[in-house]
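# Structural features, examined
Each chain, written out:
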Amino acid sequence: MKQSVLGMSAHAFRKKLHNRIRLCVAAALLTVGLNLLLMALRTDATHNLMLVANITTDILCGLFVLYQTERYILPKIRLYKLFARPRETLTGSVTQISTQVQRYMDLDCYAVTVDSRKVFLPAGTLELKQQTYTLFLVSNIIVEVSQ
(Lines give C-alpha, C1' and ligand atoms only; values in the text may rest on other atoms or scores of the structure.)
Protein backbone atom coordinates (compact mmCIF):
# COMPACT_ATOMS: atom_id res chain seq x y z
CA MET A 1 0.00 0.00 0.00
CA LYS A 2 1.46 3.35 -1.08
CA GLN A 3 0.66 6.71 0.47
CA SER A 4 1.96 10.09 -0.60
CA VAL A 5 2.16 13.50 1.00
CA LEU A 6 -0.30 14.73 -1.61
CA GLY A 7 -3.03 12.42 -0.30
CA MET A 8 -4.24 11.70 -3.84
CA SER A 9 -2.85 11.28 -7.32
CA ALA A 10 -0.58 14.05 -8.59
CA HIS A 11 -3.08 14.90 -11.35
CA ALA A 12 -6.02 15.23 -8.93
CA PHE A 13 -3.88 17.27 -6.53
CA ARG A 14 -2.83 19.64 -9.31
CA LYS A 15 -6.45 20.02 -10.44
CA LYS A 16 -7.55 20.84 -6.88
CA LEU A 17 -4.72 23.38 -6.56
CA HIS A 18 -5.70 25.05 -9.85
CA ASN A 19 -9.33 25.26 -8.69
CA ARG A 20 -8.19 27.07 -5.53
CA ILE A 21 -6.20 29.52 -7.65
CA ARG A 22 -9.19 30.05 -9.97
CA LEU A 23 -11.33 30.83 -6.92
CA CYS A 24 -8.91 33.59 -5.88
CA VAL A 25 -8.80 35.03 -9.41
CA ALA A 26 -12.61 34.96 -9.59
CA ALA A 27 -12.86 36.77 -6.25
CA ALA A 28 -10.44 39.44 -7.46
CA LEU A 29 -12.31 39.89 -10.76
CA LEU A 30 -15.65 40.05 -8.94
CA THR A 31 -14.23 42.74 -6.67
CA VAL A 32 -12.97 44.76 -9.62
CA GLY A 33 -16.39 44.46 -11.29
CA LEU A 34 -18.14 45.51 -8.11
CA ASN A 35 -15.76 48.47 -7.75
CA LEU A 36 -16.54 49.59 -11.29
CA LEU A 37 -20.28 49.21 -10.68
CA LEU A 38 -20.12 51.21 -7.46
CA MET A 39 -18.09 53.87 -9.22
CA ALA A 40 -20.60 54.07 -12.08
CA LEU A 41 -23.57 54.34 -9.68
CA ARG A 42 -21.92 57.04 -7.58
CA THR A 43 -23.60 60.42 -7.32
CA ASP A 44 -22.66 63.45 -5.24
CA ALA A 45 -25.19 62.36 -2.60
CA THR A 46 -23.88 58.78 -2.39
CA HIS A 47 -20.17 59.49 -2.80
CA ASN A 48 -19.15 58.63 0.76
CA LEU A 49 -21.30 55.49 0.90
CA MET A 50 -19.91 54.18 -2.39
CA LEU A 51 -16.35 55.02 -1.32
CA VAL A 52 -16.75 53.08 1.94
CA ALA A 53 -18.31 50.14 0.05
CA ASN A 54 -15.43 50.16 -2.45
CA ILE A 55 -12.80 50.19 0.28
CA THR A 56 -14.61 47.48 2.25
CA THR A 57 -14.87 45.13 -0.72
CA ASP A 58 -11.20 45.70 -1.55
CA ILE A 59 -10.16 44.87 2.02
CA LEU A 60 -12.37 41.77 2.22
CA CYS A 61 -11.17 40.45 -1.13
CA GLY A 62 -7.55 41.17 -0.26
CA LEU A 63 -7.84 39.34 3.04
CA PHE A 64 -9.56 36.39 1.36
CA VAL A 65 -6.92 36.09 -1.37
CA LEU A 66 -4.07 36.54 1.12
CA TYR A 67 -5.51 33.89 3.46
CA GLN A 68 -6.06 31.40 0.63
CA THR A 69 -2.58 32.01 -0.75
CA GLU A 70 -0.72 31.70 2.53
CA ARG A 71 -2.78 28.90 4.07
CA TYR A 72 -3.47 26.68 1.08
CA ILE A 73 -1.89 27.62 -2.23
CA LEU A 74 1.79 28.22 -1.41
CA PRO A 75 2.22 25.19 0.90
CA LYS A 76 0.50 22.95 -1.66
CA ILE A 77 2.72 24.27 -4.45
CA ARG A 78 5.80 23.50 -2.33
CA LEU A 79 4.56 19.95 -1.70
CA TYR A 80 3.75 19.40 -5.38
CA LYS A 81 7.16 20.63 -6.53
CA LEU A 82 8.85 18.48 -3.91
CA PHE A 83 6.80 15.45 -4.97
CA ALA A 84 7.80 15.92 -8.62
CA ARG A 85 11.57 15.85 -7.94
CA PRO A 86 13.74 12.71 -8.27
CA ARG A 87 13.57 10.45 -5.22
CA GLU A 88 15.85 8.39 -3.05
CA THR A 89 14.63 5.12 -1.51
CA LEU A 90 15.18 4.22 2.15
CA THR A 91 13.97 1.00 3.75
CA GLY A 92 14.01 0.72 7.51
CA SER A 93 12.13 0.70 10.76
CA VAL A 94 10.69 3.89 12.18
CA THR A 95 12.09 4.07 15.70
CA GLN A 96 10.99 7.53 16.77
CA ILE A 97 8.53 10.20 15.61
CA SER A 98 8.89 13.67 17.08
CA THR A 99 5.83 15.38 18.52
CA GLN A 100 7.31 18.85 17.98
CA VAL A 101 6.81 20.56 14.64
CA GLN A 102 9.90 22.17 13.18
CA ARG A 103 10.67 24.05 9.95
CA TYR A 104 12.71 22.20 7.36
CA MET A 105 13.10 23.50 3.80
CA ASP A 106 10.30 26.01 4.37
CA LEU A 107 7.82 23.29 5.45
CA ASP A 108 6.39 22.40 8.85
CA CYS A 109 7.71 18.90 9.52
CA TYR A 110 8.04 16.23 12.17
CA ALA A 111 11.46 14.67 12.66
CA VAL A 112 11.34 10.91 12.11
CA THR A 113 14.18 8.57 13.01
CA VAL A 114 14.45 5.60 10.65
CA ASP A 115 16.99 3.15 12.05
CA SER A 116 19.69 5.74 12.81
CA ARG A 117 18.89 8.30 10.11
CA LYS A 118 16.85 11.44 10.73
CA VAL A 119 14.33 12.33 8.01
CA PHE A 120 11.41 14.75 7.95
CA LEU A 121 7.69 14.19 7.46
CA PRO A 122 5.59 17.20 6.36
CA ALA A 123 3.00 17.97 9.04
CA GLY A 124 -0.60 17.06 8.28
CA THR A 125 0.18 14.68 5.44
CA LEU A 126 0.94 11.08 6.43
CA GLU A 127 0.62 9.06 9.61
CA LEU A 128 3.48 6.73 10.41
CA LYS A 129 3.72 4.11 13.13
CA GLN A 130 6.76 2.42 14.59
CA GLN A 131 7.13 -0.33 11.98
CA THR A 132 9.13 -1.09 8.84
CA TYR A 133 8.51 1.03 5.74
CA THR A 134 10.01 1.75 2.37
CA LEU A 135 10.31 5.53 2.26
CA PHE A 136 10.78 7.65 -0.82
CA LEU A 137 12.73 10.80 0.05
CA VAL A 138 13.43 14.09 -1.66
CA SER A 139 16.09 16.20 0.06
CA ASN A 140 15.57 14.16 3.27
CA ILE A 141 11.79 14.79 3.25
CA ILE A 142 9.40 11.85 3.05
CA VAL A 143 7.17 12.23 -0.02
CA GLU A 144 5.84 8.68 -0.35
CA VAL A 145 5.58 5.63 1.92
CA SER A 146 5.12 1.98 1.06
CA GLN A 147 4.60 -0.89 3.50
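Quick notes on the rules
- Residues numbered from 1 in each chain as written.
- Predicted model: local features only at pLDDT ≥ 70, side-chain atom pairs only at ≥ 80, totals over all residues.
- Heavy atoms only, no water.
- Helix = DSSP H or I, 4+ residues; strand = E, 2+ residues; numbered from the N terminus.
- Buried < 20%, exposed > 50% of the residue type's maximum accessible area, 1.4 Å probe, protein only.
- Contact = heavy atoms within 4.5 Å.
- Areas by Shrake-Rupley, 256 points an atom, 1.4 Å probe, with all protein chains shown as cover.
- Lys, Arg positive; Asp, Glu negative; His and termini not counted.
- Charge placed at Lys NZ, Arg CZ, Asp CG, Glu CD.
- Expected span 1.5 Å × (residues − 1).
- Bend = angle between axes of the 7 residues up to and from the residue.
- pLDDT = per-residue confidence, 0-100.
- Pairing = 2+ DSSP bridges.
- Axes fitted to C-alpha atoms, helices over the stretch in contact; angles between N-to-C directions.
- Parallel < 35°, antiparallel > 145°, perpendicular 65-115°, else oblique.
- Left-handed = near helix turned anticlockwise from the far one by under 90°.
- Nonpolar A, V, L, I, M, F, W, Y, C, P; charged D, E, K, R; others polar.

We now examine the overall build of the chain. When its secondary structure is counted, the chain shows 2 helices and 6 strands. Buried positions account for 31% of the 147 residues belonging to the chain. For the chain, long-range pairs separated by at least 24 residues make up 51% of all intrachain contacts whose partners lie at least 6 apart in sequence. Total accessible area on the chain is roughly 9,400 Å²; 59% of this is exposed by carbon and sulfur atoms. The averaged location of the 9 negative side-chain charges in the chain is 6 Å from the averaged location of its 17 positive side-chain charges.

Relative to the 45 Å expected for 31 residues at 1.5 Å per residue, helix α1 (residues 10-40) spans 45 Å between its end C-alpha atoms, a close match to the ideal helical length. Along α1, the residues that are buried comprise F13, L17, C24, A27, T31, N35 and L38. As for α1, its buried residues are in contact with α2 (47-84).

This next bit is on α2. With 38 residues, α2 extends 52 Å from end C-alpha to end C-alpha; this agrees with the ideal 56 Å at 1.5 Å per step. At T69, α2 shows its maximal bend, which comes to roughly 45 degrees. For α2, every residue scored as buried is listed here: M50, N54, T57, C61, Q68, I73, L79, L82 and F83. Tucked inside the fold, the buried residues of α2 contact β1 (2-4), α1, β3 (107-114), β4 (117-122), β5 (132-138) and β6 (141-146).

Turning to the confidence of the model for the chain, a few remarks are in order. Counting all residues, the mean pLDDT for the chain is 92, and 100% of those residues have values of 70 or more. Within the chain, β1 has the poorest average pLDDT of any element, 86, and α1 the best, 95.

What follows concerns the pairing of β6. Most of β6 is tucked away: 6 of the 6 residues are buried. Of the pairings in the sheet, the one linking β1 to β6 comprises 3 bridges and is antiparallel in character. When the bridges of β6 are listed, S4 appears paired with E144. Taken together, the 5 bridges between β5 and β6 define a ladder with antiparallel strand orientation. Note that in β6 the partner of L137 across the bridge is I142. Between β5 and β6, which pair antiparallel and follow one another directly, the connecting turn spans 2 residues, one of which, S139, has a positive phi of 50 degrees.

What follows is about the packing of α1 against α2. Running from N to C, α1 and α2 point in directions that differ by 165 degrees, and their axes come no closer than 10 Å. In terms of orientation, α1 lies roughly antiparallel with respect to α2. Like other packed secondary-structure pairs, α1 and α2 cross with a definite hand, here left-handed. Tallied by class, residues from the contact of α1 with α2 come to 21 nonpolar, 5 polar and 4 charged.

Notably, D106 is not glycine yet its phi reads approximately 65 degrees, a positive angle. By the element assignment, D106 lies in the loop between β2 (88-104) and β3.

Another aspect to go through is the side chain of T31. As for its placement among the helices and strands, T31 is situated in helix α1. Each residue touching T31, except ones within four places of it in the same chain, is listed here: T57, D58 and C61.

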